Amino acid sequence: MSTLPVPPTLTGRAGPRPAALRRRSFLGLSLGAGAGLALTACGGQATTALGNAASTLKWGWALPSSWDPVTSSAGWDVHALSLVYAALTKLDQHGAPVPALASSWRYDEDGTAVTFTLRPGLRFGDGGVLDADAVKKSLERGRDDEKSLIASQLVGVKDVIALDSRTVRLELAAPDYQIPALLAGKTGMVVNPHAFGEDAGSLATRPDGAGPYTLRSYVQNSKAVLRRNPRYWDARSIRIRDVEVYPLPEPSTVVAALTSGQYNLAQIPGSQVEAATAAGLKVQVIDSMVVAVLDVNLDRSPFTHPQVAQALKYALDRNELLKTAAFGHGRTTRQPFPAGYVGHDPALERLFPYDPAKARQLVESAGAGREIALTLSAQNAEGVPEVIQAQLAKVGIKASIETVPTARATELVYVQRSKSLYVDQFAGRESATQAFQVLFGRQGLMNPARRSPGELDAAIAAVSRTPLDSPGYPSALRKATGIAVRTMPNVFLYTVPRILARTAQVSPIPPFPVVQRFEGVTVA
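Residues numbered from 1 in each chain as written. Predicted model: local features only at pLDDT ≥ 70, side-chain atom pairs only at ≥ 80, totals over all residues. Heavy atoms only, no water.

A.B. asks: Which parts of the structure should I look at to understand the sheet that holds strand 17 (residues 491-495)?
C.D. replies: As a general point, the strands of a sheet are linked pairwise by backbone hydrogen bonds and lie either parallel or antiparallel. With mixed pairing, 5 strands are arranged side by side in an open sheet as 15-14-16-13-17. Of all strands in the sheet, those with a lone pairing partner are strand 15 (397-403) and strand 17, marking the two edges. For this sheet, the mean inter-axis angle between neighbouring strands, taken without regard to orientation, is 25°. Judged from the 4 bridges that link them, strand 13 (residues 291-296) and strand 17 form a sheet pairing that is antiparallel. Among the inter-strand pairings, V291 is bridged to a residue of strand 17, identified as T495. (Pairing = 2+ DSSP bridges. Helix = DSSP H or I, 4+ residues; strand = E, 2+ residues; numbered from the N terminus. Axes fitted to C-alpha atoms, helices over the stretch in contact; angles between N-to-C directions.)

What follows is the structure, encoded as structure tokens:
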């Protein structure tokens with residue numbers, strides 16, 4: 001098992017990147033199964049080659065649930081949204097926040113206020129001025145709008161003050177050094193106030209931001225066509241003129257679609273890596289923050305018996321699941337952060353070993369002689385759910401598989417909380433405490449029972465109070481990770497790298513760990 005040194009990553013202050021971060025990529029040496037392939041390395045030519053003035057990237061990926069970052073309900077949306085919105089910060093290839101719309105930031109002495117300085121001359125895609133007042137209104141909408149799905153992440157922001165046209169200060173309820181990382185994602189994407197002031201509902205299909213592209217046409221569930229935005233603050237790094245985004249291709253047809261020219265870049269499942277390589281496509285396995293997970297609702301039977309929830313952690317053979325799901329591309333895990341990330345604790349991987357005898361004992365103690373039955377919900381019944389069903393049967397749990405429509409999954413599982421056990425993936429988040437909040441917080445979307453132990457709350461608060469470049473930050477974060485893994489019912493299964501196949505006309509794709517961006521990418 002290869003691991004990275006704990007990096008002093010995610011510094012809360014703009015400035016030179018620590019030397020340790022320059023030496024190696026964020027997760028580049030972990031997730032070893034993918035590293036064993038004959039993959040195309042990301043070389044420097046992509047960032048130096050001139051782009052084709054009429055080039056088009058045809059990206060088979062996923063269309064967003066909404067083009068409004070405030071009401072977007074899926075973690076995956078951040079990839080498409082980053083095409084049309086820019087945020088105050090962004091993450092570099094090591095996972096550290098670096099300047100974006102904001103050229104710099106600084107904290108006050110006690111960490112309860114952070115002041116961002118905007119770049120000069122910022123404009124939205126429609127030509128409107130993007131100044132501190134626009135940032136203030138955008139953040140306040142994210143915090144206060146009754147339909148906001150990012151409000152819980154901004155609840156600690158007491159006030160947003162536009163000090164002048166280029167300076168905006170966030171006053172915080174408590175010290176929080178995670179803010180620059182938090183604002184690198186959907187939470188920090190700046191939406192044009194003119195758009196939500198007039199008709200906020202229109203943003204679902206007509207985004208209005210200051211990102212590298214503007215949306216030219218959109219057919220829901222079919223296709224989005226975008227054109228390079230010359231007003232983008234970093235337009236010179238955007239080499240591709242047009243981007244077309246399509247829904248995720250069918251696994252069985254994706255290689256054919258690539259070789260036929262339907263796409264020139266697409267995500268592929270692990271099962272298609274060999275076929276893609278044989279077809280002459282270039283394949284990249286990009287380490288990501290995505291983790292496969294079983295979400296457990298402690299308020300629904302049979303998990304009102306805590307022994308049954310605990311039994312799940314011993315009943316599942318993660319190696320078999322990884323092989324089924326991704327042909328071994330990725331690695332098994334028992335925690336929300338992948339190896340190489342500062343919050344990953346290798347010691348936690350020794351918890352909950354595959355032990356069907358112990359799982360059966362726990363089930364029997366809960367059932368008192370009665371059969372334990374449950375419904376296993378998933379968007380696709382085939383593959384991993386079937387393997388889980390078979391593994392649970394070995395420990396005395398009869399699982400019936402139920403398919404949940406993709407379009408209604410978030411509503412049914414996480415808003416209505418109507419399912420007891422759900423096969424899902426956690427897409428990772430820009431900041432560690434944001435990930436904790438989503439997965440384990442009392443208002444966390446992916447915490448169906450909305451319960452969290454007090455000791456975990458205290459540990460997360462300690463993480464927030466610790467500057468990201470402090471020597472004590474890794475231990476504080478790992479302590480919180482350990483408490484979450486031991487006390488929360490989530491069953492983490494395996495990591496999910498981003499596997500991309502591309503034609504020879506597309507240059508290597510930068511391996512950003514959370515959000516896929518295309519800076520420097522060209523299409524011949």
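A.B. asks: What exactly am I supposed to notice about the packing of helix 15 (residues 432-440) against helix 16 (residues 454-465) here?
C.D. replies: When two helices pack together, you describe them by how their axes are tilted relative to each other and by the distance separating the axes. Relative to each other, helix 15 and helix 16 sit at 160°, their axes nearing to 10 Å. For the element pair helix 15 / helix 16, the angle class is roughly antiparallel. The two elements helix 15 and helix 16 meet at a crossing, and its hand is left-handed. Where helix 15 approaches helix 16, its residues T433, F436 and F440 are matched on the opposing element by L456, I460, V463 and S464. Here the contact of helix 15 with helix 16 is composed, by residue class, of 5 nonpolar, 2 polar and no charged. (Parallel < 35°, antiparallel > 145°, perpendicular 65-115°, else oblique. Left-handed = near helix turned anticlockwise from the far one by under 90°. Contact = heavy atoms within 4.5 Å. Nonpolar A, V, L, I, M, F, W, Y, C, P; charged D, E, K, R; others polar.)

A.B. asks: Before we go on, may I ask you to explain the nonpolar core in this structure?
C.D. replies: Most often, soluble globular proteins keep nonpolar side chains buried together rather than apart. Counting 101 residues, the largest nonpolar core has L83, F116, L170, I179 and L477 as its most contacted members. Setting aside its immediate chain neighbours within four residues, I179 contacts Y107, V114, F116, L170 and L172. Membership of the second largest hydrophobic core comes to 39 residues, among which are A292, A309, A311 and A366. (Core = buried A, V, L, I, M, F, W, Y, C linked by side-chain atoms within 4.5 Å. Buried < 20%, exposed > 50% of the residue type's maximum accessible area, 1.4 Å probe, protein only.)

A.B. asks: How should I be thinking about empty space enclosed by the protein in this particular structure?
C.D. replies: Where empty space is left can be seen by rolling a probe of water-molecule size over the atoms. All told, the structure shown has 5 cavities of 30 Å³ or more when counted by the stated rule. For the largest cavity, the calculated volume is near 270 Å³. Lining the largest cavity we find 22 residues, and of these S82, Y85, Y232, R517 and E519 sit closest to its centre. Of all the secondary structure elements, the ones that give two or more residues to the lining of the largest cavity are helix 4 (77-84) and strand 2 (89-91). Taken together, the residues that form the lining of the largest cavity break down as 16 nonpolar, 3 polar and 3 charged. (1 Å grid on protein atoms, 1.4 Å probe; cavity = no way out; pocket = protein on both sides within 12 Å on 5 of 7 lines; lining within 4 Å. Points joined across faces, edges and corners; volume = space filled by probe spheres on them.)

A.B. asks: Just to check I follow, could you spell out the sheet that holds strand 1 (residues 56-60) for this structure?
C.D. replies: The strand order across the open sheet formed by 7 strands is 8-9-10-1-11-18-12, and the pairing between neighbours is mixed. The sheet is open, and its two borders are formed by strand 8 (213-219) and strand 12 (282-286), each paired with just one other strand. Strand-to-strand twist in this sheet, taken as the mean axis angle between neighbours without regard to direction, amounts to 20°. Here strand 1 pairs with strand 10 (residues 242-246) via 5 bridges, running parallel. Looking across to strand 10, one finds that T56 is bridged to D242.

A.B. asks: How do you make sense of unusual backbone geometry when you look at a structure like this?
C.D. replies: Trans is the prevailing form of peptide bonds, just as negative phi is the prevailing case for residues other than glycine. In this model, S301 is joined to P302 through a cis peptide bond whose omega is 5°. Within the element layout of this structure, P302 appears in the loop between strand 13 and helix 10 (306-315). In this structure, F327 takes a positive phi of about 55° despite not being glycine. Mapped onto the secondary structure, F327 falls in the loop between helix 11 (318-326) and helix 12 (356-367). Within the chain, F352 stands out as a residue other than glycine whose phi angle is a positive 50°. Within the fold, F352 resides in the loop between helix 11 and helix 12.

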